[in-house]
Amino acid sequence: MPILFIHGVSVRDESGWQQIELLLRTYVAPKIAPDPENVQITYCFWGDQGSKLSWLGSSIPDSPATIALKTSIKNVRKGRQKLASLSKTAFKNPRFLKVKDRKRQSEFRTHIIGRLASLSREQLSDVCTAAIMQNRLFSKKEQALLSVAADDVIHKDESMHALKRCNTFEQETAFLQAEI
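Residues numbered from 1 in each chain as written. Predicted model: local features only at pLDDT ≥ 70, side-chain atom pairs only at ≥ 80, totals over all residues. Heavy atoms only, no water.

A.B. asks: Help me understand the overall build of the protein in this model?
C.D. replies: Counting secondary structure elements, the protein contains eight helices and two strands. Contacts spanning at least 24 positions in sequence make up 60% of the contacts within the protein whose residues lie at least 6 apart. Of the roughly 13,300 Å² of accessible surface on the protein, 57% is carried by carbon and sulfur atoms. (Helix = DSSP H or I, 4+ residues; strand = E, 2+ residues; numbered from the N terminus. Contact = heavy atoms within 4.5 Å. Areas by Shrake-Rupley, 256 points an atom, 1.4 Å probe, with all protein chains shown as cover.)

The following block contains the structure:
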């Protein structure tokens with residue numbers, strides 16, 4: 001049985017198709033065929049047939065919803081910047097934490113952030129995938145391959161047992177990076 005992938009309305013180019021095809025072959029094809037490597041996967045691209053907005057859409061006035069969305073995005077960015085600034089201060093300045101030695105500072109940070117081993121497999125997979133997708137050093141195809149690899153590692157019982165044996169957050173992240 002072939003797989004026909006039809007993209008959404010706002011897709012105007014074919015970038016990202018390789019990672020979608022990889023994910024379809026990895027997760028969908030095994031569910032519909034005994035030989036997933038030989039399932040035909042076709043991309044039905046029609047985005048080039050859509051309308052083209054004049055001046056890249058600048059002629060369209062902002063609606064109240066668009067204005068609210070832009071404001072919300074600005075507020076989220078400001079919040080992230082404040083959190084990043086606070087994190088840098090909190091985790092690097094012992095006087096701010098009132099924790100003077102490095103071991104206690106690391107324990108405090110782990111307590112605030114939490115341990116990766118305490119997450120469910122789905123949550124941990126989401127965290128790893130988000131970290132991979134934010135890394136601009138990888139191509140889209142590499143991001144897809146690494147995401148699939150992360151999911152495979154996380155769903156192995158041996159990996160989760162090894163992760164639970166790690167003593168610190170840093171050890172957990174180093175272990176996951178090495179395994180993926």
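A.B. asks: Which parts of the structure should I look at to understand the environment of A162?
C.D. replies: Note that A162 resides in helix 7 (residues 157–165). Judged by its relative accessible area of 15%, A162 is buried. Note: C-alpha distance between A162 and A117 (45 residues apart in sequence) is 9.3 Å. (Buried < 20%, exposed > 50% of the residue type's maximum accessible area, 1.4 Å probe, protein only.)

A.B. asks: Is there a simple way to explain the pattern of salt bridges in this structure?
C.D. replies: A side chain with one charge can pair with a side chain of the opposite charge if their charged atoms come near. Counted according to the given criterion, the structure contains one salt bridge. Here D157 ties to R121 by a salt bridge, and the two come within 2.7 Å at their closest N and O atoms. Remark: R121 occurs in helix 5 (residues 121–134) and D157 occurs in helix 7; sequence separation between them is 36 residues. Residue R121 is classed as partly exposed on the basis of its relative accessible area, which comes to 25%. (Salt bridge = Lys/Arg side-chain N within 4 Å of Asp/Glu carboxyl O.)

A.B. asks: Can you walk me through helix 8 (residues 169–179) in this structure?
C.D. replies: The α-helix winds at 3.6 residues per turn, so residues separated by three or four positions along the chain end up facing the same way. Inspection of helix 8 places F169, E172, F175 and L176 among the buried residues, and these make up the whole buried set. Along the axis of helix 8, the buried positions cluster into a sector of 125°, meaning they face one direction only. Residues of helix 8 that are exposed and point more than 90 degrees away from the buried face comprise Q177 and A178. (Arc of directions from axis to C-beta.)

A.B. asks: When you look at the nonpolar core in this model, what are you seeing that I'm missing?
C.D. replies: A general feature of soluble globular proteins is that nonpolar side chains tend to end up buried together. Core analysis: the biggest nonpolar cluster contains 15 residues, and L124, C128, L163, F175 and L176 have the highest contact counts within it. Mapped onto this core, the elements with two or more residues apiece are helix 5, helix 6 (140–154), helix 7 and helix 8. Ignoring anything within four residues of it in the chain, the contact list for F175 reads S159, A162, L163 and C166. By size, the runner-up hydrophobic cluster in this structure holds eight residues, among which are I3, W17, L24 and A33. (Core = buried A, V, L, I, M, F, W, Y, C linked by side-chain atoms within 4.5 Å.)

A.B. asks: Can you walk me through a nonpolar patch on the surface in this structure?
C.D. replies: Taken together, the side chains of M1, L23, Y27, V28 and I32 present a nonpolar region at the surface, about 450 Å² in accessible area. Summarising the element assignment, V28 is placed in helix 1 (residues 17–32). Using a relative accessible area of 34% as the deciding quantity, one classes V28 as partly exposed. (Patch = residues over 30% accessible without salt bridge, like charges linked within 9 Å, V, L, I, M, F, W, Y side chains within 5 Å.)

A.B. asks: What is the right way to read the packing of aromatic side chains from this model?
C.D. replies: Aromatic ring pairs are defined here through the distance separating the ring centres and the angle between the ring planes. Applying the stated rule across the entire model yields three aromatic pairs. When the ring of F5 is compared with that of Y43, the centres are 5.8 Å apart and the planes differ by 25°; the resulting orientation is stacked. Of this pair, F5 sits in strand 1 (residues 3–6) while Y43 sits in strand 2 (residues 41–44); the two residues are 38 residues apart in sequence, bridging distant segments of the chain. Overall, the relative accessible area of 17% leaves Y43 in the buried class. Through successive ring pairs, a cluster of aromatic residues spans F5, W17 and Y43. (Phe/Tyr/Trp six-rings, centres within 6.5 Å; stacked < 30°, edge-to-face > 60°.)

A.B. asks: So what exactly am I meant to see when it comes to the side chain of E172 here?
C.D. replies: Residue position: E172 is located in helix 8. The buried category is assigned to E172, whose relative accessible area is 0%. At 3.0 Å, the side chain of E172 forms a polar contact with the backbone nitrogen of A117. E172 has contacts with R115, L116, A117, L163 and C166, leaving out every residue within four places of it along the chain. (Polar contact = N/O pair within 3.5 Å; in protein donor to acceptor, adjacent residues only side chain to side chain.)

A.B. asks: Looking at this structure, I do not really get the packing of helix 1 against helix 6. What am I missing?
C.D. replies: Axes are the key here: two packed helices are described by the angle between their axes and the distance separating the axes. Their axes nearest at 8 Å, the elements helix 1 and helix 6 cross at an angle of 25°. Taken together, the axis directions place helix 1 and helix 6 in an arrangement best described as roughly parallel. Crossing handedness for the pair helix 1 and helix 6: right-handed. Contact residues: helix 1 offers Q18, Q19, L22, L23, T26 and Y27, while helix 6 offers K140, K141, A144, L145, V148 and D151. Looking at the contact of helix 1 with helix 6 residue by residue, the class counts come to six nonpolar, three polar and three charged. (Axes fitted to C-alpha atoms, helices over the stretch in contact; angles between N-to-C directions. Parallel < 35°, antiparallel > 145°, perpendicular 65-115°, else oblique. Left-handed = near helix turned anticlockwise from the far one by under 90°. Nonpolar A, V, L, I, M, F, W, Y, C, P; charged D, E, K, R; others polar.)

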